[in-house]
Every structure is written in C-alpha cells, then in structure tokens.
Amino acid sequence: MLVAWRYRKRKSLVQWFDPRAWVIFYLCFLFSTLAFWDIRLLAPFFTIALFWLLTSGLQWSEIRRPFLFIGSFVIFFSLLTFLTGRGSQELYKVEHLIRSYAAPFTLLGWRPTLNITVERAFFAVSQFVRVFSIAVMTILIPYSLNPAYYGITFRGLGLPDKIAYAMDLTMRFIPTFGRDFQLTMDAQRARGYELEKISGGLIEQVRKLGPIIVPVTIHAIIGSEDIIDAMDLRAFGIGPRTWLEELHYQRRDFVLIGIGIVILVTSVLVGFAGLGNFWVPEALIRWAVGG
Amino acid sequence: MTSQSALIVDNVSFRYRDRQGVAIHQISFSAEKGELLLLAGASGCGKTTLVRAINGLIPRSYKGELSGKILLNGQDTAGMPLSRISQMVGTVLQDPERQILGTKVINEVAFGLENMGLPRAEIFARAEQALDYLNILALRDRETFNLSGGEKQKVALAGVLAMRPSVLLLDEPLASLDPASALETLAMVRRLADEGLTVVMVEHRVEDVLNIHPSRVMFMSEGRIRYLGAPAGLMEAVDYHEVKLPAAMIARRAAADPAPARMSFLPGVKRGEAASGDSSNAAEFALVRFENVAFGYESGREILHGINLEIRKGDIIAVLGPNGAGKTTFVKHAIGLLKPKSGRVLVNGIDTHAASVAEIASTLGYVFQSPSHMLFAPTVREELAFGPKNLKHSAPQIEQQVKSSLEIVNLVDKENDAPLSLSFGQQKRVSIAAILAMRSKILVMDEPTAGQDYKNYLGFMDAILQLPGFEAILFITHDVDMAVIYANRVILVADGAVQADGSPQQVLKDYALLRACRVVPTSLLDLNLELFPKTGEFMRAEALGHVL
C-alpha cells in the first residue's frame, strides 16, 4: 500500500505525554531552532532531538526510508551551499580561504574554481545540524501521535471545531487519496506511461505529470462532494460538538510545556541580545590564515 | 396517504440551477411506518435527486428551483434546518468509502451524535447500541480504512441508525458489494423495516431487492413516476429490457416478442483459432500463461498461491469471487503491474520479470472500474493517442489507430470533446477505445458494469464483445449473470487460489462450491441449468423465452 499509518502504540517517552503537550513542546523547539545559526547553540537542540528519537521506541527498520530520504536531501543542500557559496553570504561578509581548486580548462574564457573557505565549511555544518534537528522531531510526529487524536489535540490547543475536525478528516482521507493515486498510476502504466522516464525541464516535467495529476485531482473533487454531503447529513457544524475522545493533562505534561516555553523565551531573549548569529571558531580562521 | 404517514412527498419538482430541464417532475407518494419502498429506474432518471430532496440536501446544498411539499412525520421540511431533518431521515450514500468520516469505527458511528453535542456517555451508549444491533460490535475499535466493502456498508448504516431516524434512505447500497454481502445487507434492510423503520431503497438490482419483498415499488423514468404499486404489477408495467426482473418472468414475457438476434462475440477471432474446447491446440494459442504463481506483499500473508492457467485466443473469461479473494491481484500479474514472488507469468512467451508494463501493454489492455481514474487529456483524440505514443508507434500509425478506435466505439463525433465532460457511459467507451488504440490483443476489465443500470450494462457488454479488435476478453465481476450471458470460461477465485476453471456450465452448476466462494446463484442461472438439456448452452433470459 502506498500510504500506511506509521503510528503504533509503543512504550516510549514521547507517547507518555499528552499529545497537546508534545505539540506545544515541538512548536517551541521549532521556533527556537529557527532563531539560531550559531552551532554552539544549535548543538543542544540537536541533542534534544536525538534524545527524543532514541527514547521513541522506534526501530531503525521502521524509519530507515524517511531518514535516508530526508538525510540525503539535507546533505545534498548543505553540499550545494558549500560548493557554490550561495545562500550563505548574508550571514558573513569576509571569507578565509583554506584551499582553492581551479579547473584545468576554461568555458568561454571562465575557469571554474572551487574555493573552500572556513565560513563555507562551517556554514554547511551549521545548516546540516539545524535542519536535521528539526527533521528528526518532525519525523517523530506520524510515528508517535495517534491519528484518532489529531482533531481533539488541535481542538484542545484552541482551534475551532471545524478546523480541528479538518485535521481528523485529512488523516482519514490520506489513505484513500493514496489508494486513488496508486490506481491512477497503475491505469496509466498499463497504457505504457513510465513515470521514471520523464525528462525535460521543470515545466516540461510537470506537464508530463498530467496523466497522473489530472485524474487524481478530478477524483478528489468528485469524492469531496460525497464527503460534504455525508457531513451535512449528519449535522456537522450546527453548533459546538462533543468530542468522543478526552484528553487530560497530567503534571508531567505541564513540566514538558514549561520546559518548551523556557526554551522558547530564552531563545527569543538570546536572539534579541544579538547572540546566536553565525559563528566560526577564531582558531580555525587563524589556522586558515596561517596555512 | 394520511397525515400520520412517516414520509409524504407532495407534487415535488426540481430543476438544478446550472442544468437545463427539470430533474424530477410532480412526484407524489407517501410511505408508512415500517414500509419498504423500492425506487428503481435507469441512471439519470431522477432517483438521486428525489433522495436529495427528501433528505434536505436540496435545496440547502444543491441549489435550484424546488416546488411542492415534503412532510416528515407530518411536519413540513421547508425552512427546517438540515440538522433537524438529519435526525428524522438517515441517508446511506452509494459509496461507503466516501461516506465514512471517522478513522475508527466507533468515531464514525459517533460522528452525528458528536455534532448534535450530546453528552459523551450517551454518545457511547447509542453508538454501541447501533453496532450491537447490526451485529458488528466486534468492529468497534477497528480502523475504518481496512474494513471490507460489506463491513463499511454496515458501519455507515450504524452511523446513521445511531441518530435514530424514522425514515432511512439507501442510495444503491449494493453497488460495491459481492453477492453474499449484498444478501446480508438485504436481510438487514428487511429487518429494519419489520421493526418499524420506513425504508426507501434506490437500487438497480431490482431482482435481488424483490427477494426481500418490498411493500411497493416505484419506477421512475425521465424525472417522472412511471409505476408505483405492488411488486407484482411492476413486472407487467415496465419494459423487461429496462429492469432486471426474475429470469422466468422475462422469459415468459419475451416469448411473445420476436426472438432476439443471435450475437457473435469476438468477431476478430476466426473459427478454429479459438482454443477453448480444443486442448490439443491450447499451448499454441496461449497468450498468457501462469506457472505456479504465488504472491504476497512484503510483510503480509500470501495473497495468491498455486496459480496455473492460460489465457488463450477466443477466451471470454469471467473471473468470479468474493471481495478480497485476490481477483485484482491475479489480473495485475497478467499485465505486469505486479511480479510473482515465486513461479512466473509469460505474456506472449516472455517472462513478465523481463518485460516492462509498457511492453506488456501491447498484448494486454486493462480498463479500470472507474474511467475517471485514467482520463486526463483535453480531447478524446489526444486521450486515445496517449497509449500508442507511449508505445512509440509512428505518427501515421497512431492517426490510423485512433481513427479506427473512434469508429469502433462510435465516438467519431466526440473526438474533439473533453473526455471528462462526457456521460459516464461515453467515458467508459473512451477508456475501451484507449485500449483498442494500443492494438492490445486481450481486453481486461475490472467490474465493467458496476453502478450501471440493467439496460445500459447489457448494451455496453454487447457492444464490447462484438468489437473486432480483440483476441480474448477477461472481466472481473460480482454479477453471476454476466458470466452466464457472456463468458465461455469461468475462473472462480477464493482465498488467493483458483477454485474452479472451466466452461460456465461446468463451474456454475456446482452450487455448493459457489456458495463456499460467496457467489450466489441467480434466477437466470437456475433457469439455464434447468433448460440446459434442451438448449445445450447458456442463454440470456429473452432467448430462453423461445425455448420454454
């Protein structure tokens, strides 16, 4: 099956907490991590993320695929920034060259050159730590939060009934959408369509995805009419609704929320104090200059 | 009609805002407490519009011009909020997959009660009571997505019954069920009516519903009531080509009409080429060969095992079996969408492990159940050219193949229309033409007639089987009558294995085996088996009329 629920009930730290408490902590963690580029401050966040992962009760076989996918994605972009230097220059003005490699040929008079600088190397490492910390925490969500509690979790966080139920509904129809997508894929493959052989520029590639995108979209639109009817016919949205599931905060949940808020407030204060910007060890610069 | 009637529809007409012409015209009837009313008619005759008018979706969600009155338990529904109507009228829609909103069964059944803001304890009590009433309390904590079609139908019904309506509307509840699940659903509907619920049931499978003795039948055509009365009267009042009546009844009435013309199926296969019935030539004509095929997903149970068979020139194969038996998995192996875990599948002598789906597509063309899963192009012409282009046919070849396919399915005048703007029947024909244009030798269809009315499905199948382009046809179906009328070979699949493979006469006469495979014999099969010593072949009911 294309889409299958990753969630299972496990003996794990993350599932010990109320999902609302965990979501609040996650949001605090997310915004705090985004506030920094200084690897000395990012390192604790990386540690926190690893701590949650290691106590999550997940087996490597369960998370291998998403980790390999996201890991390669993060490494690819870190490497790209490192090689081109683009996307990082606004964080530093001066670069200290470690080594320069010039190609033995020229292209229309331009000689491709790779400049390895202290700043570029350290930026790549900082970027990796920052994005990977967030990715680890995000990957935990589908594995650790019970899909049946999505609606009540968001309702409990103060969202209106309709929006909170939309979360539930999304979770309910993701497998259906996945099944429809697989059916369309099969139908088009049976007509000789080979997704893996799609080539051309970005726009051309998107155009060639039409045989998949159009039927899946049309099917979703047709299906949504029934879904809306089914909701209307069972009195959805007439007033405040009762949620079947109940969530009750325990003391430990307040502790977790407290820690999250402390982390966020501290991060904001550190940010306002002008700390947390991109940082490179002085010793490394001295070594580069000396070398 | 009395003011105490559970449901009164008084002179109701409706025209959709964005459509020309009225959808229903001056409809009047009533239904008493405990009455089971069967609502029949061809696709597009206005049945669904009438259901929407009764349950209040018209005019609240579907805008247009509505006139007339609808009374529920004596109260006029005009101006009544939908939330109030929904507590008096429960509706089970055609596709339970789209109606089920909860991730777990208990959440689904409780959905309406949650929306009504009832106390949690009462919600649990009523939801569990509804599950218990339908004997599905064991499903309480199951995930809804993983339920079978029949289970989903019951869960959807439980969700409606939990709201304690006095009128129940069922819109084609049997459409996606295998015959045994359909029988269970029908028995349940009978019980609900017997216990005082007023039930209005829209259904194409008239013959099946007549078996549970509806109080009355209403037959609609072009938005009007053509017949309303006792079931016995329906059989005389309507054209037997339009409604699937018991076979003996059709045969009796058809006897008075001229005998139907004899049809020649698979005209592209010359006499003598067909291998059926001549096993000495079988291997020579094998287009597809399964050799001890087994299949299972990575972490699941084995879905197919020990499959050994051939698809030969001239075969018209009906694949019968319950939901989840492995029928679709079997067919996906033939087309290379799935590869066997052990054993092998040969298509034109080539192992599917060594061939891409695209290469196999020139031998087997697969038409999925719903055309909307595959149609995407801006015009019919481009839709038909898509397959041959993928198979790298030359431009003049494609031009010629598209042209001849359009002619065969009689859609030449629609070549510049958008496929998705066509009617459902026309979309089905476009999907067949798309396979024809690839010059596939074998046509494979998954539930080709599901959701189509009797007249349309017979016309559709007659037309497909008379197309000149194919050497063999295979279709998956729940409808035993399709196998009786069209197949020259039946493969019975259950529990991932072939339980029987042979001529319809051989396979379908074993009622014990059929029932073990959740396949339910029909009146047409009964009559054919009874007359077989006289006819020597299976025939449609109209033809049997001239043998009786």
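Calculation notes
Residues numbered from 1 in each chain as written. Chains lettered and ligands numbered in written order. Predicted model: local features only at pLDDT ≥ 70, side-chain atom pairs only at ≥ 80, totals over all residues. Heavy atoms only, no water. Helix = DSSP H or I, 4+ residues; strand = E, 2+ residues; numbered from the N terminus. Rg over C-alpha atoms; globule rule 2.2 N^0.38 Å. Buried < 20%, exposed > 50% of the residue type's maximum accessible area, 1.4 Å probe, protein only. Contact = heavy atoms within 4.5 Å. Areas by Shrake-Rupley, 256 points an atom, 1.4 Å probe, with all protein chains shown as cover. Lys, Arg positive; Asp, Glu negative; His and termini not counted. Charge placed at Lys NZ, Arg CZ, Asp CG, Glu CD. Pairing = 2+ DSSP bridges. Axes fitted to C-alpha atoms, helices over the stretch in contact; angles between N-to-C directions. Buried area = accessible area lost by both parts, 1.4 Å probe. Salt bridge = Lys/Arg side-chain N within 4 Å of Asp/Glu carboxyl O. Polar contact = N/O pair within 3.5 Å; in protein donor to acceptor, adjacent residues only side chain to side chain. Nonpolar A, V, L, I, M, F, W, Y, C, P; charged D, E, K, R; others polar. pLDDT = per-residue confidence, 0-100. Domains from an automatic or database assignment. Expected span 1.5 Å × (residues − 1). Arc of directions from axis to C-beta. Parallel < 35°, antiparallel > 145°, perpendicular 65-115°, else oblique. Left-handed = near helix turned anticlockwise from the far one by under 90°. Phe/Tyr/Trp six-rings, centres within 6.5 Å; stacked < 30°, edge-to-face > 60°. Lys NZ or Arg CZ within 6 Å of the ring centre and 35° of its normal.

**Considerations on the overall build of chain A**
Within chain A, the secondary structure is distributed over 11 helices and 2 strands. Going from the N terminus to the C terminus, chain A shows its helices and strands as α-α-α-α-β-β-α-α-α-α-α-α-α. Against the globule reference of 19 Å for 291 residues, chain A gives a C-alpha radius of gyration of 24 Å, more extended than a compact globule. In chain A, buried positions account for 44% of the 291 residues. Once local pairs closer than 6 in sequence are excluded, the contacts in chain A between residues at least 24 apart make up 76%.

**Examining the overall build of chain B**
Within chain B, the regular secondary structure consists of 23 helices and 20 strands. Since a compact globule built from 548 residues should have a radius of gyration of about 24 Å, the 25 Å found for chain B is in line with a globular shape. By residue count, 59% of the 548 residues in chain B fall in the buried class. Total accessible area on chain B stands at roughly 21,000 Å², and carbon and sulfur atoms take up 49% of it. Distance between charge centroids for chain B: 2 Å, based on 56 positive and 61 negative side chains.

**Focus on the environment of L68(A)**
Residues and elements named next belong to chain A. Along the polypeptide, L68 turns up in helix α4 (residues 60-84). For L68, a relative accessible area of 48% puts it in the partly exposed group. Placed 60 residues apart in sequence, L68 and F128 show a C-alpha to C-alpha distance of 14 Å.

**Quick notes on the sheet that holds strand β11 (residues 286-296) of chain B**
All names here are of chain B. Read across the open sheet, the 4 strands follow the order β12-β11-β14-β15; overall the sheet is antiparallel. Only two strands of the sheet have a single neighbouring strand rather than two, namely β12 (302-312) and β15 (350-351). Of the pairings in the sheet, the one linking β11 to β12 comprises 7 bridges and is antiparallel in character. Opposite A286, over in β12, you have R312 as the bridge partner. Contacts from helix α13 (residues 327-334) reach β11, β12 and β14 (342-347) within the one sheet, and its direction differs from that of β11 by about 125°.

**Concerning the interface of chain B and chain A**
Taken residue by residue, the interface counts 61 residues in chain B and 51 residues in chain A. When the two sides are added together, the surface that chain B and chain A hide from each other amounts to roughly 5,200 Å², 59% of it contributed by carbon and sulfur. One can count 9 salt bridges joining chain B with chain A. There are 27 residue pairs in polar contact (both at pLDDT 80 or more) connecting chain B and chain A. At the level of secondary structure, the elements contributing two or more residues to the side of chain B that touches chain A comprise α1 (47-55), α3 (82-88), α4 (96-99), α5 (105-115), α6 (120-133), α14 (357-361) and α15 (380-390) of chain B. Considering each element in turn, the side of chain B that touches chain A owes the most residues, 9 residues, to α5(B). For the side of chain B that touches chain A, a count of residues per class yields 31 nonpolar, 21 polar and 9 charged.

**Considerations on the confidence of the model for chain B**
When the pLDDT values of chain B are averaged, the result is 89; 96% of them are 70 or greater. pLDDT under 50 marks residues 276-280 of chain B. Its contacts with residues more than four places away, or in other chains, come to 2 contacts.

**Considering the sheet that holds strand β10 (residues 224-229) of chain B**
All names here are of chain B. In spatial order, the strands read β6-β7-β8-β3-β9-β10; together these 6 strands make up an open sheet with mixed pairing. Each end of this open sheet is capped by a strand with a single partner; those strands are β6 (89-92) and β10. Along the sheet, successive strands turn relative to each other by an average axial angle of 15°, direction set aside. Where strand β3 (residues 36-41) meets strand β9 (residues 216-221), 5 bridges bridge the pair, whose relative direction is parallel. The partner of L39 across the bridge, within β9, is M218. Here helix α7 (residues 149-161) sits on the sheet and contacts β6 and β7 (167-171); the angle it forms with β6, its principal contact strand, is near 165°.

**Some points on α13(B)**
Residue and element names in this part refer to chain B. Most of α13 is tucked away: 7 of the 8 residues are buried. Taken together, the buried positions of α13 are K327, T329, F330, V331, K332, H333 and A334. Once α13 finishes, G336 follows within two positions and takes phi at roughly 85°, a positive value.

**Some points on the domain arrangement of chain B**
All names here are of chain B. With domains assigned, chain B is organised as domain 1 (7-238) and domain 2 (315-332 + 353-544). For domain 1 and domain 2, the distance between their C-alpha centroids amounts to 31 Å. Each side of the interface is counted separately: domain 1 has 13 residues, and domain 2 has 10 residues. Note on domain 1 versus domain 2: buried area summed over both sides is about 1,100 Å², and carbon and sulfur give 47% of it.

**Observations regarding the side chain of T363(B)**
Residues and elements named next belong to chain B. Structurally, T363 can be placed in the loop between α14 and β16 (364-367). Judged by relative accessible area, which is 5%, T363 ranks as buried. In contact with T363, not counting residues within four places along its chain, are V347, N348, S440, K441 and I442.

**A look at helix α3 (residues 39-54) of chain A**
Residue and element names in this part refer to chain A. Counted at 1.5 Å a residue, the expected span for α3 with its 16 residues is 22 Å, and the 22 Å between its end C-alpha atoms agrees. Listing the buried residues of α3 in full gives I39, L42, F45, A49, W52 and L53. The buried side chains of α3 occupy one side of the element, clustering within an arc of 130° when seen end-on. Pointing more than 90 degrees away from the buried face of α3 are the exposed residues T47 and L54. On its buried face, α3 is in contact with α1 (13-16), α2 (19-34), α4, α5 (118-144) and α10 (251-272).

**Quick notes on the side chain of Q188(A)**
Inspection of the secondary structure puts Q188(A) in helix α7 (residues 161-189). A polar atom in the side chain of Q188(A) sits 3.0 Å from the backbone oxygen of M374(B).

**Quick notes on the packing of α5(B) against α6(B)**
All names here are of chain B. As a packed pair, α5 and α6 sit with axes 9 Å apart at the nearest point and diverge in direction by 125°. Taken together, the axes of α5 and α6 lie oblique to each other. Crossing of α5 against α6: the hand is right-handed. For the pair α5 and α6, the contacting residues are V105, I106, V109, A110, L113 and E114 in the first and I123, F124, R126, A127, E128, A130 and L131 in the second. Split into classes, the residues belonging to the contact of α5 with α6 amount to 10 nonpolar, no polar and 3 charged.

**Quick notes on the environment of V288(B)**
Residue and element names in this part refer to chain B. Turning to its location among the elements, V288 is positioned in strand β11. For V288, a relative accessible area of 1% gives the class buried. Taking C-alpha positions, V288 is 9.4 Å from I442, a pair spaced 154 residues apart along the chain. The contacts of V288, once residues within four sequence positions are left out, are L309, E310, I311, A334, V345, L346, V347, L364 and I442.

**A few points about the packing of aromatic side chains**
Aromatic rings considered in pairs are described by the distance between their centres and by the relative angle of their planes. Tallied over the full model, the rule gives 32 aromatic pairs over all chains. With 5.3 Å between their ring centres and 40° between their planes, Y249(A) and F254(A) make a pair best called tilted. One aromatic cluster is present, formed by W16(A), F17(A), W22(A), F25(A), Y26(A), F51(A) and W52(A) through successive ring pairs. Note that K152(B) overlies the ring of F145(B), its terminal NZ or CZ placed 5.6 Å from the centroid. The ring of Y133(B) carries R191(B) above its face, with NZ or CZ at 4.0 Å from the centroid.

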